[in-house]
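Structure at a glance
As a plain string of letters, each chain reads:
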Amino acid sequence: MKRLITSALPYVNNKPHLGNLVGSVLPADIFSRFSRNQGKKVLFVCGSDEYGTPITVTAKKMGKTPKEVCDIFHDEHRRLYDWFNIGFDVFSRTTSENHHKITQDIFLEIYKNNYTTEKTEEAFYCEKDKMYLPDRYVEGKCPECGGLARGDQCDCGYVLKTPLELKEPYCVFCKSKPIVKETKHIYLDYSKLELPLIKWVNSKEKDWNPLTVSIARAWLEKGLKSRSITRDLDWGIKVPLPGYENKVFYVWFDAPIGYISFVNDAVGNITDWWGKKSDAKIFHFLGKDNIPFHTIFWPSTLLASGKYKLPDNIVGLSYLNFGGQKVSKSLGHGIFCEDAVKSRLPADVWRFYLSNILPLAGDTDWSDDDFLQFTNSTLVGNISNLYYRVLTFAQKNLELLPRPTLDAIDKDYLTKRSELISKYEREMDSIKLKEGLKTAIEFASLANKYFQEKAPWQEKDNTTTIYVSVNLCLDLALLLEPFIPDFSQKLFNLLGVERPYLINYLDINYFIAKPGFPITKGKIPMFFTRMEPLPARVVPKPGKKEAPKKVAKVEVKNEVKPKAKKQQSKAKKKTLAPKSKIKKKVMPKKKVKKIVKPKKVVKKLVKKKKGPVRQKIKPKPKKVVKKVVKKKVKAKAKKTVKKIPKKTIKKVPLKKKSFLKSLKKLVKKVKMVKKKKK
Ligand SMILES: [Zn+2]
Ligand SMILES: [Zn+2]
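Below is a short write-up of the structure. (Residues numbered from 1 in each chain as written. Chains lettered and ligands numbered in written order. Predicted model: local features only at pLDDT ≥ 70, side-chain atom pairs only at ≥ 80, totals over all residues. Heavy atoms only, no water.)

Now for the sheet that holds strand β6 (residues 138-141). Within the open sheet, the three strands sit side by side as β7-β6-β8. Their pairing is antiparallel. Whereas interior strands pair on both sides, the edge strands pair on one side only; in this sheet they are β7 (148-150) and β8 (167-171). For this sheet, the mean angle separating the axes of adjacent strands, direction not counted, is 30 degrees. Relative to β8, β6 runs antiparallel, the two being bridged by three bridges. Within β8, the position partnered with Glu139 by the bridge is Tyr170. (Pairing = 2+ DSSP bridges. Helix = DSSP H or I, 4+ residues; strand = E, 2+ residues; numbered from the N terminus. Axes fitted to C-alpha atoms, helices over the stretch in contact; angles between N-to-C directions.)

Let us now look at helix α13 (residues 408-429). Taking 1.5 Å as the rise per residue, α13 with 22 residues should run 32 Å; its terminal C-alpha atoms sit 32 Å apart, in good agreement. All of the buried residues along α13 are Asp410, Tyr413, Leu414, Arg417, Leu420, Ile421, Tyr424, Glu427 and Met428. Seen along its axis, α13 keeps its buried residues to an arc of 150 degrees; they face one direction. Pointing more than 90 degrees away from the buried face of α13 are the exposed residues Ala408 and Arg426. Looking at the buried side of α13, the elements it contacts are α1 (18-37), α14 (433-454) and α15 (463-480). Where α13 begins, the capping side chain belongs to Asp407, and its oxygen is found 3.0 Å from the backbone nitrogen of Ile409. Phi turns positive one or two residues past the end of α13, at Ile431, with a value near 60 degrees. (Expected span 1.5 Å × (residues − 1). Buried < 20%, exposed > 50% of the residue type's maximum accessible area, 1.4 Å probe, protein only. Arc of directions from axis to C-beta. Contact = heavy atoms within 4.5 Å. Polar contact = N/O pair within 3.5 Å; in protein donor to acceptor, adjacent residues only side chain to side chain.)

The next subject is the coordination of the zinc ion (ligand 1). Ideal coordination angles are 109.5 degrees for a metal with four donors arranged tetrahedrally and 90 or 180 degrees for a metal with six donors arranged octahedrally. The protein atoms that coordinate the zinc ion (ligand 1) are Cys142 (SG), Cys145 (SG), Cys154 (SG) and Cys156 (SG), at distances spanning 2.3 Å. One chain supplies every donor to the zinc ion (ligand 1), and in sequence these donors are spaced C-x2-C-x8-C-x1-C. Of this pair, Cys142 sits in the loop between β6 and β7 while Cys156 sits in the loop between β7 and β8, placing them 14 residues apart in sequence. A relative accessible area of 4% means that Cys142 is categorised as buried. (Donors = N, O, S within 2.8 Å, 3.2 Å for Na, K, Ca; no water.)

The terminal C-alpha atoms of helix α7 (residues 251-267), which comprises 17 residues, lie 25 Å apart, in line with the 24 Å expected from a rise of 1.5 Å per residue. The sharpest bend along α7 measures roughly 35 degrees and falls at Tyr259. The complete set of buried residues in α7 reads Val251, Phe253, Asp254, Ala255, Pro256, Ile257, Gly258, Tyr259, Ile260, Ser261, Phe262 and Val263. Gly268 sits one or two residues past α7 and shows a positive phi near 70 degrees. (Bend = angle between axes of the 7 residues up to and from the residue.)

Right, let's talk about the environment of Met531 for a bit. Its place among the elements puts Met531 in the loop between α16 (485-495) and α17 (548-560). Overall, Met531 belongs to the buried group, its relative accessible area being 4%. In sequence terms Met531 and Leu345 are 186 residues apart; their C-alpha atoms lie 8.0 Å from each other. Setting aside chain neighbours within four positions, we find Met531 in contact with Leu345, Val349, Phe371, Leu372, Thr375 and Asn376.

What links the strands of a sheet is backbone hydrogen bonding, and the strands pair in either a parallel or an antiparallel sense. Pairing within the open sheet is parallel, and its five strands lie in the order β3-β2-β1-β13-β14. Each edge of the open sheet is held by one strand with a lone partner, namely β3 (90-93) and β14 (313-317). Recorded for the sheet is a direction-independent mean angle of 20 degrees between the axes of neighbouring strands. Pairing analysis gives six bridges linking strand β1 (residues 2-7) to strand β13 (residues 280-287), with the strands arranged parallel. Pairing of Ser7 across the sheet is with Phe285, part of β13.

This is the structure:
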């Protein structure tokens, strides 16, 4: 049996954060690696979603073309997924010629099958820019909360049925007030597809997770209406009908078709994997905000085209929260994938912890302390130490594995081994990936316990114990491969083992390393070493939501900065630039108060540099560190000065010897002025 696995297409107007990774890419990768380990034929596809107004808006702000923006962020996403060892068979893009053709073909099938209608409607139009203003091209006041909202949605969660709902609308490009003008669009009549959708969702109740089923049902109970699938834009896939030359498909119509195009990109054959008679099972991994699109609109496209089978499993994931809040690009909180790269910890260390907090059944919360504790106790203490102990002992005592003579204890442990492996397979197969990881960890404890109980250093003939222990280590590496693939690959390479498969364990006497297996003469490494605490970050307090207007500003800032290239070159450098670290610590956003006491911060930093992990970085002499901090403080101080009323500035003696002293005074004065005003 074949498995076609997809992870949600990342929208490429920004850098990915750990929420993106954990919310679809990583679980999809774990599941596809596991499926390959089962011996199944697997195709794991993904690619970037490159149309829609957020991209064109970002492009205008960056002074680039939409294509250039997509190129930058597509490469950025690909580089980061590579770093995390995501084993896509293809990571393609929706701007490819192939995707255009497949989207147009599918649309024409739907059109031919009479699922579409044409409607004339009113829309905002900017007379200055001479264009319609769909989705994010128009902003105004939210009809729900009164805050700043975009033409398609508001940060308060309100989804606008049409941009015309906006109060006090303005064009995002020239800020002028738009007029209302008629335009025609193609609508897909989803109500015609309600019955087959209900049947399909009902048939999947047992396989899908409860969250996915409940969201799909809620949509179906409300009843489906027709929705527009075209837009008045030039960035997108052209609608292949006369009279629609200036229109493109709505990004939500074309993006999921990417799954099909990417299959074609990967293997050049769609029918085998997605045709109505294909024996492949299709699994979509995605975040919960994407569930309606994947349980209602996407299957509708497939049904209406009449050419493709429906997906078998929609794996809707909840959110990874950060400090109790959803990780958010626009709010700038959360951990970005780039931060993981910069941490200098191996990707496996990140993957291991993230696998343990996958939001497969409800939201989970990131915790720095938990990350540290889990890594040191489980990955290092339980797993890494086991390999070091067993393999160094084996190397000292044997050259070739013997034919084992199993005693009662050995047999008892081997029974437990079989039980745990089949438990693991059941859990992983039903996408209970966290449970699968737990079972693998239990397996590591079993192997440790066996080695301890048999105490081969005291045995007269310890060859059987070594035989069993080495094999338990190899079994464990196979179970852990979906979570920490780099480690397993290194181990198999070190021991000269060919890729093993789970299916072989159907024979309970199966061992990866058979009698006569040569014990490596290579150096046995400590695969993982103890982790040091992550540098302190500003964790936003839960519940403190910024006002909608501020939010919009933050987002603009994020989108404008063309950081991608800089970071790429930074990442290539082997050592971390300590400057950026210091900046992070000394300058927490909006916490001006801390700047008054920079001395303490410097001390802390210097202390931490002595820690074992940081020893690899060439420590800068104290003086230099101080200078850097000073510079930063100066820079910030300038900003602060701007906000102070002119009168105050004149009175402050800026050219004193001790800059810090004057800064203290300055802050005091500002406080005084503020008090007086009150
Ligand atoms: Zn609102
Ligand atoms: Zn305009």
